[in-house]
Structure formats: C-alpha cells, structure tokens
Amino acid sequence: MSVDRETPFGDSADLTALPLFPLRSVFYPGGLLTLKVFEARYLDLISRCMRTGDGFGVIALRQGGELKNDEERVDFEPVGVVAEIIDVDSPQSGILSIRCRGSRRFATESVSQQADGLWTAQVEFITDDEPTAPGEKLAACVAALGEAIDTLSTQGVKPFLGPMRFEDAGWVANRWCEILPISLAAKQKLMALEDPLIRLGLVDDFLRSKGVIT
C-alpha cells in the first residue's frame, strides 16, 4: 500500500474513492460499530455521509494512533470494511455518537491525506461472501455462538445486529471473530479471508484448542 499526502480525494477514474476512519480495531461485514466523533475532520465526514447517504471506510491501523498527530507515522492494513450509518445522536455540542453496520469489504490501492487531516483511499471492492451453510462438521461451532449470544443477553449485552443468521457460515465466523480474545493481526487476517468456510473452520479449530467445543 502506498501513502501519498499530495493526491486529492477522488482523482482516479479507475477506482472508487472512499474516505477512511482508521481505528485500532477490526470491523467486519454485518458487524456493529459504535463511535464517538469529536475531531473536526470526522464531524465533517459524518455530516457529509448523512446528507448523501454514503458510507465511509473503516480500516485497522498497523502503526499510529486514532487521533490526529502530524508528527506520527501512520500505516494501515490493506483491507477494510465500509461502514453504513444506522443512527446518530449528539449528546453534547461538538460530539456525535454514531452506530454503524458493516457492509462491503474493500482493498486499498493507494491512500492519501487531505489538508484537513482526513485520510482517503482509492479502493477496489471485494466480492461479498456467498451465503454458505456451515455443514454438520461445523455445527458445534454454530451452536456455541448461539449459547454465547444467550449468555451475553442475560448480562444485558447485545453485541450483534439482527437478524441472527446461524445458517450462514460467513456470518457465524464474523460474529465469533468479533468476540474472540485473539490478536488484532489475527482478526485482520480472518476478516480478509475470502472463503467463509475456511474462516469458520479456523474459528472452529481455535475453539476446540481452547476446549470451548469438543
């Protein structure tokens, strides 16, 4: 991935231009993301997305922080996910609380930074997971996710957006990846895998190695 501070947003006719919201976390298709927005560059971005109905790209940071620091080197993972805004609240002046749903994955071809500090990218979208049945071999992994959701619900925690799609291997794998205690790098690699059955199979292997399922 190349990083260019000179190229303005939207110059390339061959790729799709996408504004970025870099985070120290990995976002997944179908996932729920809650953000507190207060930096001017992101307040402007959210206002624009609300007017146009467009989404923005959420991408994990390899290096650098989430807050603007002109002296700090910033590096991003090559694959991210488009965030579609569900709702917006303004708990106090100058702060927005937003909830987003994960949509399409994208691969960055180049990244640039605007004068206001907003990162943007020329991206190519990745084909969505085909709905794929987990199959009997991964049934225990699917059932364990249902149990985890029930346990979290009794604690008043609802980390996932409905509807629940236990019949879809990609959906099940993505929801597991969001809550598993694994490294950021591992979460990124799993999110970027284009075969949902392989993704869920790796989750299944992890759960068996930890004794969560047998």
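Residues numbered from 1 in each chain as written. Predicted model: local features only at pLDDT ≥ 70, side-chain atom pairs only at ≥ 80, totals over all residues. Heavy atoms only, no water.

Caption draft 1: Geometry of the overall build of the protein. For the protein, the count of helices and strands is five helices and eight strands. Against the 2.2 N^0.38 benchmark of 17 Å for 214 residues, the protein shows a C-alpha radius of gyration of 18 Å, consistent with a compact globule. Dimensions of the protein, computed from the C-alpha atoms along their principal axes, are close to 55 × 40 × 30 Å. The buried share of the protein, taken over its 214 residues, is 44%. As presented, the protein carries roughly 11,000 Å² of accessible surface, and 50% of it is formed by carbon and sulfur atoms. Taken as two groups, the 22 positive and 32 negative side-chain charges of the protein have centres that lie 4 Å from each other. (Helix = DSSP H or I, 4+ residues; strand = E, 2+ residues; numbered from the N terminus. Rg over C-alpha atoms; globule rule 2.2 N^0.38 Å. Buried < 20%, exposed > 50% of the residue type's maximum accessible area, 1.4 Å probe, protein only. Areas by Shrake-Rupley, 256 points an atom, 1.4 Å probe, with all protein chains shown as cover. Lys, Arg positive; Asp, Glu negative; His and termini not counted. Charge placed at Lys NZ, Arg CZ, Asp CG, Glu CD.)

Caption draft 2: Here's a closer look at the nonpolar core. Counting 46 residues, the largest nonpolar core has L35, V37, F56, I98, W176, L200 and V203 as the members making the most contacts within it. Apart from the residues lying within four places of it in its own chain, the contact partners of V37 are F21, Y42, L43, I46, G94, I95, L96 and I98. If you look at the next biggest cluster of nonpolar residues, it comprises twelve residues, including L18, L61, V74 and F76. (Core = buried A, V, L, I, M, F, W, Y, C linked by side-chain atoms within 4.5 Å. Contact = heavy atoms within 4.5 Å.)

Caption draft 3: Just the environment of A140, in detail. Counting through the fold element by element, A140 comes out in helix α2 (residues 139-154). Each C-alpha atom, one on A140 and one on I213, is 6.6 Å from the other, the two residues being 73 residues apart in sequence. Filtering out sequence-adjacent residues up to four positions away, A140 remains in contact with R208 and I213.

Caption draft 4: Representation of the layout of surface pockets within the structure. One number sums up the size of the largest pocket: a volume of about 250 Å³. With four residues, helix α3 (residues 169-179) is the single largest residue contributor to the lining of the largest pocket. Its residues placed into classes, the lining of the largest pocket shows three nonpolar, four polar and seven charged. Of the voids in this model, the second largest pocket is the one considered here, and its volume is about 180 Å³. Mapped by element, the contributors of at least two residues to the lining of the second largest pocket are β3 (32-37), α3 and α4 (184-192). At three residues, the largest contribution of residues to the lining of the second largest pocket is made by α3. Class assignment for the residues of the lining of the second largest pocket results in twelve nonpolar, one polar and three charged. (1 Å grid on protein atoms, 1.4 Å probe; cavity = no way out; pocket = protein on both sides within 12 Å on 5 of 7 lines; lining within 4 Å. Points joined across faces, edges and corners; volume = space filled by probe spheres on them. Nonpolar A, V, L, I, M, F, W, Y, C, P; charged D, E, K, R; others polar.)

Caption draft 5: Quick peek at the side chain of R175. Topologically, R175 is positioned in helix α3. Excluding residues that lie within four positions of it along the chain, R175 makes contacts with Y28, P29, G30, G31, L145 and F160.

Caption draft 6: Structural view of the packing of aromatic side chains. One pass over the full model with this rule turns up five aromatic pairs. Seen from their ring centres, F21 and F56 are 5.9 Å apart, and the 40 degrees between their planes marks the pair as tilted. A residue pair is termed long-range when its members are at least 10 positions apart, and F21 in strand β2 (residues 16-23) and F56 in strand β4 (residues 56-63) qualify at 35 residues. Both residues of the pair, F21 and F56, count as buried. On the basis of an interplanar angle of 70 degrees and a centroid distance of 6.5 Å, the ring pair of F160 and W171 is categorised as edge-to-face. Taken together, the residues F160 in the loop between α2 and α3 and W171 in helix α3 connect sequence positions eleven residues apart. Assessed through its relative accessible area of 11%, F160 is described here as buried. One aromatic cluster is present, formed by F21, Y42 and F56 through successive ring pairs. (Phe/Tyr/Trp six-rings, centres within 6.5 Å; stacked < 30°, edge-to-face > 60°.)

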